[in-house]
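Coordinates in review
If you want the building blocks of each chain, they are given just below.
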Amino acid sequence: MERPKKTRSITGNNSKRKRKRKVLRRIGSNDILFFIGLFVVVGALEASGLLTYLSIGLAGLSFGKPWALCLVLMWSAALLTAFLNAGPTTALFFPVVTGFNMVLPHHEIWWSLSLGVLAGSSATVLGATAGPVALTLVERFGSGCPPGLPGGHAISFGQFTKI
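Residue positions are given per chain, counted from 1 along the sequence in the order it is written. Two thresholds apply to this predicted model, a pLDDT of at least 70 for residue-level local features and 80 or more for giving and counting side-chain atom pairs, whereas whole-chain, interface and lining totals are computed over all residues. With hydrogens and water set aside, each side-chain value is computed from the structure's full complement of heavy atoms.

A few words now on the overall build of the protein. Where helices and strands are cited, they refer to DSSP runs of H or I of at least four residues and of E of at least two residues respectively, numbered from the N terminus. Along the backbone of the protein there are nine helices and zero strands. Ordered by position from N to C terminus, the α and β elements of the protein give α-α-α-α-α-α-α-α-α. Only protein chains enter the accessibility calculation, which uses a 1.4 Å probe; a residue is then buried when its area is under 20% of its type maximum, exposed when over 50%, and partly exposed in between. Out of the 163 residues belonging to the protein, those deemed buried represent 27%. Contacts are assigned to residue pairs that have any heavy atoms within 4.5 Å of one another. Long-range contacts, defined as pairs at least 24 residues apart, comprise 64% of the intrachain contacts of the protein with a sequence gap of at least 6. Methods summary: accessible areas were calculated by the Shrake-Rupley approach with a probe of 1.4 Å, and residue burial reflects only the protein chains presented. When the accessible area of the protein is evaluated, it comes to approximately 11100 Å², of which 69% is carbon and sulfur surface.

Shown next, in the form of structure tokens:
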């Protein structure tokens, strides 16, 4: 006996369910777990109070000069973003920036943070949020890539940074 059309439209047909399952199977769970882990670590650092000490340390490196604080913040954000990731680094530096006791225009501090994260995200494949995802896709499906990047093989840090 065939089901009424209303029931079919509510529950959907089996081919749509199969396509959804196929898409969900192809999503890289390693990538999702990587980003979840990064945000958990940042949250733990904030809860432990370590970011307060980082804020005091960065302000101390500037010797009380607002322009030096902007430069220290920019370079430290760039270096950390190159090896952590742009999103978690920004989340990490939000409490650090709000912990600065120095009086200076807020737009300068936020611009410094923004430029530092931007520079760091371009330095390595881990810096940008899409980098690890793109790297995983190239490794999995990269058989049509230039020589040296055959599909099914890992891309080393040296291969990525090769000019």
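The subject of this paragraph is a positive patch on the surface. Together, Lys-16, Arg-17, Lys-18, Arg-19, Lys-20, Arg-21, Lys-22, Arg-25, Arg-26 and Arg-140 make up a region of like positive charge exposed at the surface. Residue contributions to the positive patch peak at nine residues, all from helix α2 (residues 14-26). Mapped onto the fold, Arg-26 is located in helix α2. Note on patches: the residues involved have over 30% relative accessible area and no salt bridge, like charges join within 9 Å, and the nonpolar side chains Val, Leu, Ile, Met, Phe, Trp and Tyr join within 5 Å. By salt bridge we mean one thing: a side-chain nitrogen of Lys or Arg within 4 Å of a carboxyl oxygen of Asp or Glu. Here Asp and Glu are counted as negative and Lys and Arg as positive; His is not counted, and neither are the chain ends. Charge positions are represented by NZ for Lys, CZ for Arg, CG for Asp and CD for Glu.

We now examine the environment of Thr-98. Within the secondary structure, Thr-98 sits in helix α6 (residues 86-98). Note: C-alpha distance between Thr-98 and Ser-55 (43 residues apart in sequence) is 8.4 Å.

This next bit is on α6. Owing to its 3.6 residues per turn, the α-helix aligns residues three or four sequence positions apart on the same side. Each helix should span, by expectation, one fewer than its residue count multiplied by 1.5 Å. With 13 residues, α6 extends 18 Å between its outermost C-alpha atoms, agreeing within 8% with the 18 Å of an ideal straight helix rising 1.5 Å per residue. If you check which residues of α6 are buried, you get Ala-86, Pro-88, Thr-89, Leu-92, Phe-93, Val-96 and Val-97.

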